[in-house]
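# Per-entry structural report
Here is how the chains run, residue by residue.
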Amino acid sequence: MPRAKYELGVFEDAKAHVGISFHKSYLTGKEYGKIDRRTVTIRNLIASITENRHVGISKVMLDLAAELLKDEMLEYLGRGFAINMFDLGVLYITVRGEISRDMKPTELAEHIQLAFTPSKMAEAKVQDFIVQKINIKPSSRYIESIIDLTNDESAYLTAGMYTGVRGAGLKLGEENSGVYLAPVIDGVMQSSEQWIKIKRISRNEPKNVEFLFPKCVGLFKIVIETNLSVSGKPMKSIVRIISDVVEVRAESEEEGEEEGEKEV
């Protein structure tokens, strides 16, 4: 039986500093941050050691030592031991959730999980980070664009024609969900009592909602309310996604404008 191909690690420069991405929560309206995670494997680390530290040990030997250590750690972990991970922290077994002494061993096993406690040395190291970049990322729910499906190059929407809303997390639920037109007067979006509910929705997808625009003109914001999570599961709360201001014209207005341009 032929042996599996052996691949050594590749060294990657790790001098870049940490990056933070900001996201907006539609449940609280507040922002929260996530570290832009970059992961290195043990083989990446070995490649870095052999290229930068000149220890006189080959990649193959270091990789073999790392594999032996990993196998031995798993062996002791399987026996119920906690593992000191090179003084960076302790990997240990803990119990999750509520248990009772009446539970069977198989039931208790379902509550066992792994946990990790970083060492003070590791925690001190992350205090030295410099934030190199900050990314403002859109929420998991947003309206990206609104187009007139009869003329996707138009800068306006047409009353009485089909309209498409593109974005993410837009799909409507069966209850307490809907698409509304919120009139905008003197730059102010009017209260929900004056909103117009869309009655005919032809497409209902997470990234695409299409509907027949009613025969009304003016400035509006399109409001989507849904009780579905981003993954499509029903929620008790309602999420509201609001578009930028869009202008809606009557079909005759656009035709007249085009004819005027042709005459010129």
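Above this text you will find the structure in question.
Below you will find a few notes about this structure. (Residues numbered from 1 in each chain as written. Predicted model: local features only at pLDDT ≥ 70, side-chain atom pairs only at ≥ 80, totals over all residues. Heavy atoms only, no water.)

Our focus in this paragraph is the layout of surface pockets. The computed volume of the second largest pocket comes to approximately 570 Å³. For the second largest pocket, the lining is made up of 15 residues, of which Ile 42, Leu 45, Met 73, Met 85 and Phe 86 are closest to its centre. Elements represented by at least two residues in the lining of the second largest pocket include exactly helix 1 (42–52) and helix 2 (59–78). Element by element, the count of residues in the lining of the second largest pocket is highest for helix 2, at seven residues. (1 Å grid on protein atoms, 1.4 Å probe; cavity = no way out; pocket = protein on both sides within 12 Å on 5 of 7 lines; lining within 4 Å. Points joined across faces, edges and corners; volume = space filled by probe spheres on them. Helix = DSSP H or I, 4+ residues; strand = E, 2+ residues; numbered from the N terminus.)

Attention now goes to unusual backbone geometry. Of note, His 54 is a non-glycine position whose phi angle comes to about 50 degrees, a positive value. One can find His 54 in the loop between helix 1 and helix 2. The exposure class of His 54 is exposed, given its relative accessible area of 64%. Phi at Phe 86 is positive, roughly 55 degrees, even though this residue is not glycine. Among the secondary structure elements, Phe 86 is positioned in the loop between strand 3 (83–84) and strand 4 (89–95). (Buried < 20%, exposed > 50% of the residue type's maximum accessible area, 1.4 Å probe, protein only.)

For the rest of this paragraph, the subject is the sheet that holds strand 9 (residues 162–168). The strand order across the open sheet formed by four strands is 7-9-14-13, and the pairing between neighbours is antiparallel. Each having just a single partner strand, strand 7 (142–148) and strand 13 (201–205) make up the two edges of the open sheet. Within this sheet the neighbouring strands show an average axis-to-axis angle of 15 degrees, counted without direction. Relative to strand 14 (residues 208–212), strand 13 is paired through four bridges, and the arrangement is antiparallel. Bridging across to strand 14, Asn 204 finds its partner in Val 209. (Pairing = 2+ DSSP bridges. Axes fitted to C-alpha atoms, helices over the stretch in contact; angles between N-to-C directions.)

Here helix 2 contains 20 residues, and its C-alpha end-to-end distance of 28 Å stays within 8% of the 28 Å for a straight helix at 1.5 Å per residue. Restricting attention to buried positions, one finds in helix 2 the residues Asp 63, Met 73 and Leu 77. Seen end-on, helix 2 carries its buried residues on one side only, within an arc spanning 85 degrees. Among the structural elements, helix 1, strand 3, strand 4 and strand 5 (112–118) are those in contact with the buried residues of helix 2. Of the residues trailing helix 2, Gly 80 is marked for its positive phi of about 100 degrees. (Expected span 1.5 Å × (residues − 1). Arc of directions from axis to C-beta. Contact = heavy atoms within 4.5 Å.)

Taken together, the side chains of Ile 93, Val 95, Ile 99, Leu 108, Ile 112 and Leu 114 make up a nonpolar region of the molecular surface, amounting to roughly 490 Å² of accessible area. Those elements that place two or more of their residues in the nonpolar patch are strand 4 and strand 5. With respect to the helices and strands, Ile 93 occurs in strand 4. (Patch = residues over 30% accessible without salt bridge, like charges linked within 9 Å, V, L, I, M, F, W, Y side chains within 5 Å. Areas by Shrake-Rupley, 256 points an atom, 1.4 Å probe, with all protein chains shown as cover. Salt bridge = Lys/Arg side-chain N within 4 Å of Asp/Glu carboxyl O.)

Sheet architecture is open: three strands sit in the order 3-4-5, paired in antiparallel fashion. Of all the strands in the sheet, just strand 3 and strand 5 have a single pairing partner and so form its edges. In this sheet, strand 4 lies alongside strand 3 in antiparallel orientation, the contact comprising two bridges. Note that in strand 4 the partner of Asn 84 across the bridge is Val 90.

With that settled, consider helix 1. Among all positions of helix 1, only Asn 44, Ile 46, Ala 47 and Thr 50 are buried. Projection of helix 1 onto a plane perpendicular to its axis shows the buried side chains occupying an angular sector of 160 degrees, all on one side. In the core, the buried residues of helix 1 are packed alongside helix 2. Residue His 54 follows helix 1 closely and has a positive phi angle near 50 degrees.

One finds Val 165, Val 179, Phe 211, Phe 213, Ile 222 and Ile 224 to be the most contacted residues of the largest nonpolar core, which totals 21 residues. Listing elements by their share of this core, those giving two or more residues are strand 7, strand 10 (178–185), strand 14, strand 15 (218–228) and strand 16 (234–249). The biggest single contributor to this core is strand 16, with four residues. Other than its neighbours up to four places away in sequence, Phe 211 contacts Met 161, Tyr 162, Thr 163, Val 165, Val 179, Ile 198, Arg 200, Ile 201, Ser 202 and Ile 222. (Core = buried A, V, L, I, M, F, W, Y, C linked by side-chain atoms within 4.5 Å.)

In the structure shown here, the tally under the stated rule is four aromatic pairs. Taking the ring centre of Tyr 76 as reference, the NZ or CZ of Arg 79 above it sits at 4.8 Å. The cationic tip of Arg 249 hangs over the ring face of Tyr 156; the distance from NZ or CZ to the ring centre is 3.5 Å. (Phe/Tyr/Trp six-rings, centres within 6.5 Å; stacked < 30°, edge-to-face > 60°. Lys NZ or Arg CZ within 6 Å of the ring centre and 35° of its normal.)

Right, let's talk about the pattern of salt bridges for a bit. Applying the stated criterion across every chain, the model contains eight salt bridges. Across the pair Arg 240 and Glu 225 runs a salt bridge whose closest N-O atoms are separated by 2.6 Å. Taken together, the residues Arg 240 in strand 16 and Glu 225 in strand 15 connect sequence positions 15 residues apart. Looking at Arg 240, the relative accessible area reads 40%, which means it is partly exposed. What you see here is one network of salt bridges that share partners, running through Arg 166, Arg 203, Glu 205 and Glu 210.

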